[in-house]
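Spelled out from the first residue to the last, the chains are:
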Amino acid sequence: MGTTTDPTNTDASAVDTYEVLIVGGGVAGLSAATFTARASLDTAVITAGESILKRNAHVENYPGFPAGVNPRLLLDMQRSQATRNGADMVHGRVTRLKHVGTADGDLDVSDDARFLATIAGDADPDGDAAGDDVSGATAATDRTIAAERVIAASWADASYLDPLDVDRREAGSKTYLEDDGDGRTTVEGLYAAGRLAERYHQAVVAAGDGARTAITLIHDAEIPFYHDWVAPEGYFTDRGREVPPGCEEVSETERRARERESIAAMQEYFAAPHEDRQRTHPSLVDDDLGRVPETDR
């Protein structure tokens, strides 16, 4: 399990260790984090708050939203879902991912850790330089985090993976990681999800692929797991079966309480238009980060 340390700790030997480290806080990464956290794997998501989804004006083909949904709101809700289920958010950018080695002897790293991630952080945990809200994220200032397993769900710069010598395919300015179709790359313990794994460029596909990769990792971690189901009371037990790992039976009273909570949460999310500015393609504007339209300056 991950160690609990102050993120501002200046002791160079103190390294947080997670069972799962997810690089990328977009749709695929947050979907993966929800599943690994719900499977009781200690999970951290490293996010710079720059998901490509934010460039969309309005998402109209994501299941469950008949009239579409603001893409920035969709990410807010996904992030909240991941943290609600136990995932930690760390604001920053992974600049290097490598195997734990003998040269790391001065670092206090768990014996189970396979990877070390170097993270260039932002002094503001609540947003990046463009003003994005990454609520719930802890600021990281050039720190190191260790992990037993890593899911790479970032896009599109994969240079941080160079020290691992993972098989990849170059396609012009884009890089894709080779995987077995279920997210396993050619480096043991390293998984890929979403666009980095060359999946179709749709939010719903990214969400599904993040979940698929997470479940692959859960099985590889030998966590007792059947399905992530919340079933009505008696669904299994009234048939003389034990509730399988990863499942839960809830009473009608509990079901209604959860339903009321979900209704209240959705009403709050949709009470007013999202306040974040619309992004566009970096090549279309000339501001410092290249993502804020001229009309919004």
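Residues numbered from 1 in each chain as written. Predicted model: local features only at pLDDT ≥ 70, side-chain atom pairs only at ≥ 80, totals over all residues. Heavy atoms only, no water.

> So what exactly am I meant to see when it comes to the side chain of Asp209 here?
In this fold, Asp209 is placed in helix 3 (residues 203-220). Residue Asp209 is classed as buried on the basis of its relative accessible area of 7%. Setting aside anything within four residues of it in sequence, one finds Asp209 in contact with Ala192, Ala193, Gly194, Ala197 and Arg199. (Helix = DSSP H or I, 4+ residues; strand = E, 2+ residues; numbered from the N terminus. Buried < 20%, exposed > 50% of the residue type's maximum accessible area, 1.4 Å probe, protein only. Contact = heavy atoms within 4.5 Å.)

> Looking at this structure, how should I read a nonpolar patch on the surface?
There is a patch of nonpolar side chains on the surface, built from Tyr226, Trp229 and Tyr235 and spanning about 300 Å² of accessible area. Note on placement: Tyr235 falls in the loop between strand 10 (229-232) and strand 11 (247-250). (Patch = residues over 30% accessible without salt bridge, like charges linked within 9 Å, V, L, I, M, F, W, Y side chains within 5 Å. Areas by Shrake-Rupley, 256 points an atom, 1.4 Å probe, with all protein chains shown as cover. Salt bridge = Lys/Arg side-chain N within 4 Å of Asp/Glu carboxyl O.)

> Just to check I follow, could you spell out the packing of aromatic side chains for this structure?
Each aromatic ring pair is specified by the distance between its two centres and by the angle formed by the two planes. A full pass over the atoms with the stated rule returns 7 aromatic pairs. Plain terms: the ring middles of Phe65 and Phe270 are 6.2 Å apart, the flat faces sit at 40 degrees to each other, and that makes the pair tilted. One end of the pair, Phe65, is in the loop between strand 2 (43-47) and helix 2 (71-84); the other, Phe270, is in the segment after helix 4 (252-269), with 205 residues separating them in the sequence. Under the relative-accessibility criterion, Phe65 is labelled buried at 17%. The class for Phe270 is partly exposed, based on a relative accessible area of 40%. (Phe/Tyr/Trp six-rings, centres within 6.5 Å; stacked < 30°, edge-to-face > 60°.)

> Sorry if this is basic, but what is going on with the nonpolar core here?
A general tendency of soluble globular proteins is for nonpolar side chains to be buried together. By size, the foremost hydrophobic cluster in this structure holds 34 residues, and its most contacted members are Ile22, Val27, Leu53, Tyr62, Val69, Leu74 and Ile151. Taken together, the elements giving at least two residues each to this core come down to strand 1 (16-23), helix 1 (27-38), helix 2 and helix 3. (Core = buried A, V, L, I, M, F, W, Y, C linked by side-chain atoms within 4.5 Å.)

> Just checking my understanding: could you explain the pattern of salt bridges for this structure?
Two side chains of opposite charge can pair, provided their charged atoms sit close to one another. Using the criterion set out here, one finds 18 salt bridges in the structure. The residue Arg143 makes a salt bridge to Asp16 at a minimum N-O spacing of 2.6 Å. Here Asp16 lies in strand 1 and Arg143 lies in strand 6 (residues 143-152), a separation of 127 residues in the sequence. Taking relative accessible area as the criterion, Arg143 reaches 12% and is therefore assigned buried. For Arg255, the salt bridge is made with Glu259, and the minimal N-O distance between the two is 3.7 Å. Of this pair, Arg255 and Glu259 are both found in helix 4, 4 residues apart, which corresponds to roughly one turn of the helix.

> How do you make sense of helix 1 when you look at a structure like this?
Three- or four-residue spacings in an α-helix give side chains the same orientation, since the helix completes a turn every 3.6 residues. Between its first and last C-alpha atoms helix 1 spans 17 Å; for 12 residues at 1.5 Å apiece the expected length is 16 Å, and the two agree. Here helix 1 lies mainly inside the structure; 10 of its 12 residues are buried. All of the buried residues in helix 1 are Val27, Ala28, Gly29, Leu30, Ser31, Ala32, Ala33, Thr34, Thr36 and Ala37. On its buried side, helix 1 packs onto strand 1, strand 2, helix 2, strand 3 (88-99), strand 6 and helix 3. Taken from the residues just after helix 1, Ser40 is the one with a positive phi, measuring 65 degrees. (Expected span 1.5 Å × (residues − 1).)

Functional significance is not addressed by these values, which are geometric in nature.
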